[in-house]
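Given next are the chains, with one letter for each unit.
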Amino acid sequence: RYRTSDDTFDGQVYIGAYKWNSISISPDSKDAYVIDWSASGRIAHIDLQTMTLISPIWYGANLFQYPHGGCVNQTNDTLYVTGQTGNYIYKVPVGDPASAVQISMETGQPPITTSASLNIHEITFSPDFSKYFITCQTTNEVRVIKTANDSLLAIIPVGLYPQEMSISKTTNYLFVSCPEDTITFPGLRGSVAVIDYSTNTLVTKLFTGFQPHGLIVDDVKHMVYVVNRNVTSQGPAPHHTGYCGGRNGYLTTIDIATLQLLKNTNGGDKRIELSVDPYSIAIR
């Protein structure tokens, strides 16, 4: 844990050597759930105030299979976790994680595990927690689910291989990265879908750079910051050579008011070159 005031180290907790992939923080910022992306996944529940492991690491045979994304409901009593090898999510009671259940995201279909299924990557709630959104990387869509009964509200086609999401609370926009989209912008690779989450409709798709993945909304400055992995050789050649093996990626910025990228004085997209394969981003 680090302080945002001066970036100094402030505490740590050891949770074991597993394939820890993502962190979900409760709405009251008191708890964190760290997800192990593996065939028999684990979830570590951490008290962020004392930096201690609240309970033993949750895991079990066939309980969490390749879990990835997670988010906590408004009442802080249920963790929602995606499974990347099926058509379902997990609903995990925080007080009794062993009673977690699989909930199918396909109407009329039971939970199934197959590589040809939805393969749900990420999940996030609407600001009022009345619905949640999931990215389905096999079917290239965002599904909108009603929180009260986990029923399907809408299916929104987006670009190929949708991954991460970030929500603007001031404009009703949901931004979705689709790093492997080669269809929307021919000759390029990647897109960011903009969804109006008040109407569950697609507004537009933007080319922010080659293979966008992590993105974050800044509602104070009315910007969206996108990190573009640029792993493919089709992307722009980096200006600098990094110490790490591979190609440098870069950051671009969406102006929420215009839904256009910020431009340089010469009219080109404003880019900030980063190190090799930038994958995620956060702001303070």
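Trainee: Tell me about the overall build of the protein, residues and numbers included.
Mentor: The helix and strand inventory of the protein stands at 0 helices and 21 strands. Considered along the principal axes of its C-alpha atoms, the protein spans approximately 60 × 50 × 35 Å. Taking all 284 residues of the protein together, 49% fall into the buried category. Long-range contacts, defined as pairs at least 24 residues apart, comprise 43% of the intrachain contacts of the protein with a sequence gap of at least 6. Surface exposure of the protein reaches about 13,600 Å², of which carbon and sulfur atoms provide 52%. Here the protein contributes 19 positive and 24 negative side-chain charges, whose respective centroids are spaced 4 Å apart.

Trainee: Which residues make up the pairing of strand β3 (residues 43-47), and what are the values?
Mentor: Counting buried residues in β3 gives 5 out of 5 residues, a clear majority hidden from the surface. Neither face of β3 is open: one carries I43, H45 and D47, the other A44 and I46, and all of them are buried. Sheet analysis places strand β2 (residues 31-36) next to β3, joined by 5 bridges and oriented antiparallel. Bridge assignment links D31 to a residue of β3, and that residue is D47. Where β3 lies against strand β4 (residues 52-53), 2 bridges are found, and the strand directions are antiparallel. For D47, the partnering residue across the bridge sits in β4 and is T52. Remark: 4 residues form the turn of the hairpin made by β3 and β4, two consecutive strands paired antiparallel; M51 in that turn has positive phi of roughly 55°.

Conventions adopted
- Residues numbered from 1 in each chain as written.
- Predicted model: local features only at pLDDT ≥ 70, side-chain atom pairs only at ≥ 80, totals over all residues.
- Heavy atoms only, no water.
- Helix = DSSP H or I, 4+ residues; strand = E, 2+ residues; numbered from the N terminus.
- Buried < 20%, exposed > 50% of the residue type's maximum accessible area, 1.4 Å probe, protein only.
- Contact = heavy atoms within 4.5 Å.
- Areas by Shrake-Rupley, 256 points an atom, 1.4 Å probe, with all protein chains shown as cover.
- Lys, Arg positive; Asp, Glu negative; His and termini not counted.
- Charge placed at Lys NZ, Arg CZ, Asp CG, Glu CD.
- Pairing = 2+ DSSP bridges.

These values are about where atoms sit, not about what they do.
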